[in-house]
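Architecture and fold: a report
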There are 4 protein chains.
Amino acid sequence: MRSHTEKLRVRWVDTDASGRIHYTAAFRYFETAEWELMRQAGFPLSDHRKISGLPRVNVSATFYAPLYVDEQIAVKVWVERIGTTSITFAGEIYREEKRCVSGAITAVFVDHRDHPQPIPDAIRQALSGDENRFGS
Amino acid sequence: MRSHTEKLRVRWVDTDASGRIHYTAAFRYFETAEWELMRQAGFPLSDHRKISGLPRVNVSATFYAPLYVDEQIAVKVWVERIGTTSITFAGEIYREEKRCVSGAITAVFVDHRDHPQPIPDAIRQALSGDENRFGS
Amino acid sequence: MRSHTEKLRVRWVDTDASGRIHYTAAFRYFETAEWELMRQAGFPLSDHRKISGLPRVNVSATFYAPLYVDEQIAVKVWVERIGTTSITFAGEIYREEKRCVSGAITAVFVDHRDHPQPIPDAIRQALSGDENRFGS
Amino acid sequence: MRSHTEKLRVRWVDTDASGRIHYTAAFRYFETAEWELMRQAGFPLSDHRKISGLPRVNVSATFYAPLYVDEQIAVKVWVERIGTTSITFAGEIYREEKRCVSGAITAVFVDHRDHPQPIPDAIRQALSGDENRFGS
């Protein structure tokens, strides 16, 4: 299944008064990587959004170590499972060799009235490919 | 001109690693108060957004004192000026008697193609009223 | 176990270009309700943060229906489980009678060096109480 | 005076239900570029934060054109003025040749009790340099 690793830097605005990132920042990082994965698969989500939506129905994350401002992180996401109308992405956030966060996000293809739609074959095939690319 | 004061509490997610709020939180507080002002004027922005937009063209804020998590604040906004196609809101954020932030936000009425539109007379009149209401 | 329901309104800044809330907003709503629950239990987290932290180690949410700007929602949270060093909060977000989101958040008590600490008995007892209070 | 241009992409989470970015995203973009400018000047703000703070006292922005999800933008910031205790950064956000946002941010050097401090000579000199570097 297709994967992508996005190199990011923890931003000041992602932190909270604990000195660490607010945990919701991890979901924003996964989302950034997911968009790059989809772009590289040939399906930029900015195009997709014009015809339908991809709302999240299930999300989860586990935190193993805190992340601090300005740290360089590698956000890896991959396609974990493609269902009839939904895709599950899984992800991990690394600081050097240390895995700091893991997560999973399931999104469902919907039309403009929020009704689930079968995932088009072209997307299914593109996401099933095993090509890895590493973005900047 | 119409005004509104919204009582809010500084949330954990609004803070950054300095221990204070990230300054952009102040703009979110002003926006919350602006929505209540418009609702009380009889023009809930959730209705308005269906027919057109109200993008910001000019925003500014001055910070006199830091705000910390869980502090109770009073966010006062008022209509400062109504132009042909734009409205300027001004605001102040108080913690007890201390003014911590002041700001001004100018938004322009646009149609769906982002072209400026004259502000409807009904909105102009409703916002020119001098009634103050204090919300929760 | 202690619970709390917080009445909130979906803010403009919580939405994304789909017209719905960005899903991370739901976690912010749960956090707001958690802080009120802790305050009413006699342990305001703003005090707690001065002596130690409460980082999240596990979070999840399921989305049943979209939320739109300006909707009034009831965010219920309750203490699901108190472990040796961790607390699990569960929550649900309702728009009128409709459950739109459910979630669970596990946080661990840590000292200033991020080492897990036993939850103090006073907190344990206060959170085990079955008093419900409904806030504004 | 020193300047820096940061290439960014508008993220999904930066948008609101208007389909455009929420205007506060522009301030986050400026902040990202400011951190890179300071890093390249030899004063990474992650180090600086350990000894003192740099809270904003005055911020403003003007919006000339909307920004949409996934657009590639160039965020230019430069040192506009160095006062006794404060620095003013100015910035512009471009999508291709189109200037979409301009802004100015004044931050003040403070010690741990939030008292303004003279800007150290080393920082003053480094920021007065006229070297431009273009980041990724």
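Because the structure is a prediction, the values reported are computed rather than measured.

1. A look at the confidence of the model for chain A
Residue and element names in this part refer to chain A. Of all residues in chain A, 91% attain a pLDDT of 70 or more, and the chain-wide mean is 91. Contacts of residues 132-136 to residues separated by more than four positions or lying in other chains number 13 contacts, the stretch itself having pLDDT below 50. On the interface metric, ipTM, the complex scores 0.92, and its pTM is 0.93.

2. Section: the relation of the copies chain D and chain B
Related by rotation about an axis and a shift along that axis, the two copies of the chain form a pair. For the pair chain D and chain B, the superposition axis carries a translation of 0.0 Å, the fit reaches an RMSD of 0.0 Å, and the rotation angle comes to 180°. Taken together, these values place the two copies in the relation of a two-fold axis. Nearest to the rotation axis, the C-alpha of Ser60 of chain D is located 2.0 Å from it, this being the minimum over chain D. Both copies share a contact surface, since 100% of the interface residues of chain D are interface residues in chain B too.

3. As for the pattern of salt bridges
Applying the stated criterion across every chain yields a total of 44 salt bridges over all chains. The salt bridge involving Arg56 of chain C is made with Glu34 of chain C; its shortest N-O contact spans 2.8 Å. Here the residue Arg56 of chain C occupies a position in strand 2 (residues 56-63), and Glu34 of chain C occupies one in helix 1 (residues 24-40), the gap between them amounting to 22 residues. Salt-bridge contacts for Asp14 of chain D lead to Arg28 of chain D; the nearest nitrogen and oxygen are separated by 3.1 Å. Within this pair, whereas Asp14 of chain D is found in the loop between strand 1 (3-9) and helix 1 (24-40), its partner Arg28 of chain D is found in helix 1, the two being separated by 14 residues in sequence. Three or more residues joined by partner-sharing salt bridges are found here, namely Arg9 and Asp70 of chain A together with Glu36 and Arg39 of chain D.

4. Here's the deal with the pairing of strand 4 (residues 86-95) of chain A
Residues and elements named next belong to chain A. With respect to burial, strand 4 is a largely interior element, 8 of its 10 residues being buried. As paired elements, strand 3 (residues 72-82) and strand 4 share 8 bridges and run antiparallel to each other. Bridge assignment links Arg81 to a residue of strand 4, and that residue is Thr88. Hairpin geometry of strand 3 and strand 4 is characterised by an intervening segment of 3 residues between the two adjacent antiparallel strands. When strand 4 meets strand 5 (residues 98-108), the two strands line up antiparallel, connected through 10 bridges.

5. Section: unusual backbone geometry
Residues and elements named next belong to chain C. A positive phi angle, close to 50°, is found at Glu96, a residue other than glycine. Note that Glu96 resides in the loop between strand 4 (86-95) and strand 5 (98-108). With relative accessibility at 72%, the residue Glu96 sits in the exposed group.

6. Quick notes on the interface of chain D and chain B
Across the contact, 21 residues belong to chain D and 21 residues belong to chain B. Among the residues of chain D in contact with chain B, Arg20, Tyr23 and Val59 of chain D are the three that bury the most area, contributing 30% of the side total. Note that Arg20 of chain B and Asp114 of chain D form a salt bridge whose closest N and O atoms lie 2.6 Å from each other. Taken together, the links from chain D to chain B amount to 12 residue pairs in polar contact (both at pLDDT 80 or more). If you list the elements that add at least two residues to the side of chain D that touches chain B, you get helix 1 and strand 2 (56-63) of chain D. Counting residues per element, the side of chain D that touches chain B draws most heavily on strand 2 of chain D, which supplies 8 residues. For the side of chain D that touches chain B, the residue count by class is 11 nonpolar, 6 polar and 4 charged. Relative to strand 2 of chain D, strand 2 (residues 56-63) of chain B runs antiparallel, the two being bridged by 5 bridges. Within strand 2 of chain D, the residue paired with Asn58 of chain B across the bridge is Thr62 of chain D.

Quick notes on the rules
- Residues numbered from 1 in each chain as written.
- Chains lettered and ligands numbered in written order.
- Predicted model: local features only at pLDDT ≥ 70, side-chain atom pairs only at ≥ 80, totals over all residues.
- Heavy atoms only, no water.
- pLDDT = per-residue confidence, 0-100.
- Contact = heavy atoms within 4.5 Å.
- Least-squares fit on C-alpha atoms with pLDDT ≥ 70 in both.
- Salt bridge = Lys/Arg side-chain N within 4 Å of Asp/Glu carboxyl O.
- Helix = DSSP H or I, 4+ residues; strand = E, 2+ residues; numbered from the N terminus.
- Buried < 20%, exposed > 50% of the residue type's maximum accessible area, 1.4 Å probe, protein only.
- Pairing = 2+ DSSP bridges.
- Buried area = accessible area lost by both parts, 1.4 Å probe.
- Polar contact = N/O pair within 3.5 Å; in protein donor to acceptor, adjacent residues only side chain to side chain.
- Nonpolar A, V, L, I, M, F, W, Y, C, P; charged D, E, K, R; others polar.

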